[in-house]
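Listed below, chain by chain, are the residues.
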Amino acid sequence: MSTKIEVTRRSVQIFRMMLSGIFLVASFSHIIKVDKTVQRIDQARFKGIAYFFGEPKLLVIASGIVMFIAGLGLLAGYKTRWAAAILMSVLIPITLTVQVGQITTLGPLFKNIAILGGLTFFIINDSNNSKKQ
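Quick look at the structure, then. (Residues numbered from 1 in each chain as written. Predicted model: local features only at pLDDT ≥ 70, side-chain atom pairs only at ≥ 80, totals over all residues. Heavy atoms only, no water.)

1. What about the overall build of the chain?
A tally of regular secondary structure across the chain gives 6 helices and 0 strands. Ordered by position from the N terminus, the helices and strands of the chain form the series α-α-α-α-α-α. With respect to the three principal axes, the spread of C-alpha positions in the chain is 50 × 30 × 20 Å. When the 133 residues of the chain are sorted by exposure, 32% land in the buried category. In the chain, 76% of the contacts between residues at least 6 apart in sequence involve partners at least 24 apart. Side-chain charges in the chain split into 15 positive and 5 negative, and the spacing between the mean points of these groups amounts to 8 Å. (Helix = DSSP H or I, 4+ residues; strand = E, 2+ residues; numbered from the N terminus. Buried < 20%, exposed > 50% of the residue type's maximum accessible area, 1.4 Å probe, protein only. Contact = heavy atoms within 4.5 Å. Lys, Arg positive; Asp, Glu negative; His and termini not counted. Charge placed at Lys NZ, Arg CZ, Asp CG, Glu CD.)

This is the structure we're talking about:
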């Protein structure tokens, strides 16, 4: 059963813009504070996930660039589904590497889970075809 829930275009725009902010801020952190970010990976319990994908320093820089570009796309509402999917593909390995296994700090883990929920919203719902209200 498919149920439609009507929301205002403005609320979806605000949601999209607010969600994009964390990726834009994180992208600068990844690009400007590369060594600090790599150090966080090296201290993580599941750092092997990052090392599986390659050299952490290169991954941090690449993820910063990807988060910046896709974050801008999400902010602007350009190719929103693709931007959200790309951001999700970056956020999942980061979450698994750095947040999972940090039992003393569950807040950041659930923050990332909430962000994944927001990205899922934009992947599932075509915000470009929503009704104007």
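Following the structure, the description resumes.
2. As for the pattern of salt bridges
Side chains that carry opposite charge are capable of pairing whenever their charged atoms lie near each other. Applying the stated criterion to the full structure yields 1 salt bridge. Of the charged contacts, one joins K57 and D35 as a salt bridge, the two residues approaching to 3.8 Å between their closest N and O atoms. Placement of K57 in helix α4 (residues 56-76) and of D35 in helix α2 (residues 34-43) is noted, with a sequence separation of 22 residues between them. Owing to a relative accessible area of 41%, K57 belongs among the partly exposed residues under this scheme. With relative accessibility at 55%, the residue D35 sits in the exposed group. (Salt bridge = Lys/Arg side-chain N within 4 Å of Asp/Glu carboxyl O.)

3. Quick word on the nonpolar core
One finds F23, L74, L87 and L119 to be the most contacted residues of the largest nonpolar core, which totals 16 residues. Listed by contribution, the elements that provide at least two residues to this core are α1 (9-32), α4, α5 (80-99) and α6 (106-124). If we skip the residues at most four places from it in the chain, F23 touches M67, G71, L87, L91, I115 and L119. (Core = buried A, V, L, I, M, F, W, Y, C linked by side-chain atoms within 4.5 Å.)

4. A look at a nonpolar patch on the surface
Residues I14, M17, M18, F28, I31, I32, I61, I65, F68, I69, L72 and L75 make up a contiguous nonpolar surface patch of about 1100 Å² in total accessible area. Of all the secondary structure elements, the ones that give two or more residues to the nonpolar patch are α1 and α4. Mapped onto the elements of the fold, I32 is located in helix α1. (Patch = residues over 30% accessible without salt bridge, like charges linked within 9 Å, V, L, I, M, F, W, Y side chains within 5 Å. Areas by Shrake-Rupley, 256 points an atom, 1.4 Å probe, with all protein chains shown as cover.)

5. A short note on the environment of I94
Locating I94 in the fold gives a position in helix α5. Looking at I94, the relative accessible area reads 24%, which means it is partly exposed. Expressed as a C-alpha distance, the spacing of I94 and D35, which sit 59 residues apart in the sequence, is 16 Å. When neighbours within four sequence positions are excluded, I94 is seen to be in contact with H30 and Q99.

6. Examining the side chain of S27
In this structure, S27 sits in helix α1. Those residues in contact with S27, other than ones at most four positions away along the chain, are G64, M67 and F68.

7. Section: the packing of aromatic side chains
Summed over the entire model, instances satisfying the criterion amount to 5 aromatic pairs. Judged by centre distance (5.5 Å) and plane angle (65°), the ring pair of F28 and F68 falls under edge-to-face. Of the two residues, F28 sits in helix α1 while F68 sits in helix α4, which places them 40 residues apart along the sequence. You can call F28 partly exposed: its relative accessible area is 44%. Between F121 and F122, the aromatic rings sit 5.0 Å apart at their centres with planes inclined by 85°, giving edge-to-face as the arrangement. F121 gets classed as partly exposed once you look at its relative accessible area, which sits at 29%. You can call F122 buried: its relative accessible area is 1%. By the ring-pair criterion, three or more aromatic residues cluster together here, those being F15, F121 and F122. (Phe/Tyr/Trp six-rings, centres within 6.5 Å; stacked < 30°, edge-to-face > 60°.)

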